[in-house]
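Observations on the three-dimensional arrangement
Okay, here's what each chain looks like letter by letter:
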Amino acid sequence: MQCMSESSGKPATSQRLAEAQELFILEWGRMSSSWGINRTMAQIHALLYITGEQMTMDEIIERLRISRGNASMNLRELMAWGMVHRYKRPGDRKDVYFSESDVWHMFSRVVRERKRREVDPTVSALRDCLALVRDEPKSTASQTYETRVRNLLDVFALLDTLFRTVITDDDALRVAVEQGAALHGVTTPRSSD
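What counts and what doesn't
- Residues numbered from 1 in each chain as written.
- Predicted model: local features only at pLDDT ≥ 70, side-chain atom pairs only at ≥ 80, totals over all residues.
- Heavy atoms only, no water.
- Salt bridge = Lys/Arg side-chain N within 4 Å of Asp/Glu carboxyl O.
- Helix = DSSP H or I, 4+ residues; strand = E, 2+ residues; numbered from the N terminus.
- Expected span 1.5 Å × (residues − 1).
- Buried < 20%, exposed > 50% of the residue type's maximum accessible area, 1.4 Å probe, protein only.
- Polar contact = N/O pair within 3.5 Å; in protein donor to acceptor, adjacent residues only side chain to side chain.
- Core = buried A, V, L, I, M, F, W, Y, C linked by side-chain atoms within 4.5 Å.
- Pairing = 2+ DSSP bridges.
- Contact = heavy atoms within 4.5 Å.
- Axes fitted to C-alpha atoms, helices over the stretch in contact; angles between N-to-C directions.
- Parallel < 35°, antiparallel > 145°, perpendicular 65-115°, else oblique.
- Nonpolar A, V, L, I, M, F, W, Y, C, P; charged D, E, K, R; others polar.

Turning next to the pattern of salt bridges. The tally for this structure, following the rule as stated, stands at 15 salt bridges. A salt bridge links Arg117 to Glu113, with the nearest nitrogen and oxygen atoms 2.8 Å apart. Of this pair, Arg117 and Glu113 both sit in helix H5 (residues 103-132), four residues apart, roughly one helical turn. One salt-bridge network, in which partners are shared between bridges, spans Glu77, Glu113, Arg116 and Arg117.

If you check helix H6 (residues 140-167), its first and last C-alpha atoms are 39 Å apart, about what 28 residues at 1.5 Å a residue would give, namely 40 Å. For H6, the full list of buried residues reads Ser142, Glu146, Val149, Leu153, Phe156, Phe163, Val166 and Ile167.

All right, on to helix H2 (residues 39-51) then. With 13 residues, H2 ought to run about 18 Å at 1.5 Å a step, and its terminal C-alpha atoms sit 18 Å apart, in line with that. Taking burial as the measure, the 13 residues of H2 include 10 buried ones, the bulk of the element. Among the residues of H2, Thr40, Met41, Ala42, Gln43, Ile44, His45, Ala46, Leu47, Leu48 and Thr51 are the ones counted as buried. Sitting at the head of H2, Asn38 places a side-chain oxygen 2.7 Å from the backbone nitrogen of Thr40. The first or second residue beyond H2 is Gly52, which carries a positive phi of 70°.

Further remarks concern the side chain of Asp102. Residue placement: Asp102 occurs in the loop between strand E3 (95-99) and H5. Engagement of the side chain of Asp102 in a polar contact is seen with the backbone nitrogen of His105, the distance being 3.2 Å.

Moving on, we come to the nonpolar core. The biggest cluster of nonpolar side chains holds 23 residues, and the ones touching the most others in it are Ile44, Leu48, Ile60, Leu64, Ile66, Leu75 and Tyr97. Elements that contribute at least two residues to this core include exactly H2, helix H3 (57-64), helix H4 (68-81) and H5. For this core, the leading source of residues is H2, giving six residues. Membership of the second largest hydrophobic core comes to six residues, among which are Leu126, Leu130, Val149 and Phe156.

For the rest of this paragraph, the subject is the pairing of E3. Pairing geometry for strand E1 (residues 55-56) and E3, over two bridges, is antiparallel. Of the residues in E3, the one forming a bridge with Met55 is Tyr97. Where strand E2 (residues 84-88) lies against E3, five bridges are found, and the strand directions are antiparallel. Counterpart to Tyr87 in the pairing with E3 is Val96.

The next subject is the sheet that holds E3. Strand order in the open sheet made by the three strands is E1-E3-E2, with antiparallel pairing throughout. Across the chains shown, the open sheet's two edge strands, defined by having one partner strand only, are E1 and E2. Against the sheet, H2 makes contact with E1, E2 and E3, and its axis sits at roughly 75° relative to E3, the strand it touches most. In the packing of H4 onto the sheet, contacts are made with E2 and E3, and the angle to E2 comes to roughly 110°.

To continue, consider the environment of Gln21. On the secondary structure map, Gln21 appears in helix H1 (residues 15-34). For the pair formed by Gln21 and Ile50, sequence separation is 29 residues and the distance between their alpha carbons is 6.7 Å. Polar side-chain contacts of Gln21 include one of 3.0 Å to the side chain of Arg63.

Before going further, it helps to examine the packing of H2 against H3. Viewed as axis vectors pointing N to C, H2 and H3 meet at an angle of 105°, and their least axial separation amounts to 11 Å. As the angle between them shows, H2 and H3 are arranged roughly perpendicular. In this structure, H2 contributes Gln43, Ile44, Leu47, Leu48 and Thr51 to the contact, and H3 contributes Ile60, Arg63 and Leu64. Partitioning the contact of H2 with H3 into residue classes produces five nonpolar, two polar and one charged.

Here's what the structure looks like:
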């Protein structure tokens, strides 16, 4: 029989499981910040993902010991990314948040967002770099410059094609990774729980 927490009515978490969850949350925040994702945003996502619980903002604030403003701002961002969802329980005024549980969906959302924020502006900047020398008299230096910038743009175009083919479709990403993993005898995660 499972014990219930008196304050929330949710199943009580053992001390060992709580420690493991805390370690996961801290590591997810550390790792995600190296990907350019806000640490608190990653920790909120990690909390909701690893516990599998639906939580109010107050519960998130209490568990992570963060400010209401920080929680609110990062929950909005997580919802914009499609990583966290919000709803209201019937008869309750408080919003409840829960994490996307499909790892393929989560991974493809992160990649799409990173592409939009980082790769797309770089491609735009490279095009601007080419435009600056469009009317430049042809010389060895200008041809070297144009060739190298165009080569970079070609690589980004190839990556964009790969991205549109595989990453924009969660199932296509899963199938591609599973096929690649099978070639190397690697087990892949289930698509959802």
